[in-house]
Structures are given as C-alpha cells and as structure tokens.
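The chain contents come next:
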Amino acid sequence: MHEEAHDITVQMDMLCARNDSLGKFHTSSDNDQQYKDVDIVKKDDDEETFNNMRRQFSQSLIDNFEQCFPAADFLQTASCLNSKV
C-alpha cells in the first residue's frame, strides 16, 4: 500500500471512531452483547472478516479517488493556492 493510501485509511478509521452512534453501539455491544435490546451474536472470525472487508472497501475508495484525481494533476491544480509562487 502506498504511504498516502495508508494515511487516508488511518484518517478514515479516525473519522469512524469519532462517530457517536458507532461509539454507542460498540460500548453497548461490548458491555451487554446487545444493542437496543437486540442480541448481538458474534462468531469467532466475525471481527477479522469485517476488518478485512473494511480494508478492502477503504482501499477501493482510495484507488477510485486516485484514478479519478491523479496526484500530479491534483498537485498542479492546487499549486495556485501556494502564496509563495
């Protein structure tokens, strides 16, 4: 994985961690194995499977973004924002 792609993945993970609803879900599921009175039943490999799917989804978003907005073009366009030029 490219370093830039890794940075974006880390940023996306941080955004997800800040989500209040997601935080409430994790707290409730960890403490009671329930969320809004619905039992949460996990298999041993559920978390690993979910994390793999999340990584694949995040990588596909990054790849799509990089394909639509090549870094060189983006940097050249953004150079107009540099006040030292």
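Residues numbered from 1 in each chain as written. Predicted model: local features only at pLDDT ≥ 70, side-chain atom pairs only at ≥ 80, totals over all residues. Heavy atoms only, no water.

*Asks:* Help me out: how do you make sense of the overall build of the protein in this one?
*Replies:* In terms of regular secondary structure, the protein is built from four helices and two strands. Going from the N terminus to the C terminus, the protein shows its helices and strands as α-α-β-β-α-α. Burial statistics for the protein: of 85 residues in total, 8% are counted as buried. Summing over all exposed atoms, the protein offers an accessible surface of approximately 7,700 Å²; the carbon and sulfur share of this is 55%. (Helix = DSSP H or I, 4+ residues; strand = E, 2+ residues; numbered from the N terminus. Buried < 20%, exposed > 50% of the residue type's maximum accessible area, 1.4 Å probe, protein only. Areas by Shrake-Rupley, 256 points an atom, 1.4 Å probe, with all protein chains shown as cover.)

*Asks:* Any chance you could explain the packing of aromatic side chains here in plain terms?
*Replies:* The geometry of an aromatic ring pair comes down to the distance between the two centres and the angle between the two planes. One pass over the full model with this rule turns up one aromatic pair. Ring geometry for Phe-65 versus Phe-69: centroids 5.1 Å apart, planes at 45°, classification tilted. By relative accessible area, Phe-65 is classed as partly exposed at 44%. (Phe/Tyr/Trp six-rings, centres within 6.5 Å; stacked < 30°, edge-to-face > 60°.)

*Asks:* Can you help me understand the confidence of the model for the protein in this one?
*Replies:* Detailed reading of the predicted model is not advised wherever pLDDT is low. Per-residue confidence for the protein averages 75 on the pLDDT scale, and 72% of its residues sit at or above 70. When pLDDT is averaged over each helix and strand of the protein, the minimum, 56, is found for helix α1 (residues 3-18) and the maximum, 89, for helix α3 (residues 46-68). (pLDDT = per-residue confidence, 0-100.)

*Asks:* What exactly am I supposed to notice about α3 here?
*Replies:* Since there are 3.6 residues in each turn of an α-helix, residues three or four apart along the chain are aligned in direction. If you check α3, its first and last C-alpha atoms are 33 Å apart, about what 23 residues at 1.5 Å a residue would give, namely 33 Å. Residues Asn-51, Ser-58 and Ile-62 constitute the buried set of α3. (Expected span 1.5 Å × (residues − 1).)

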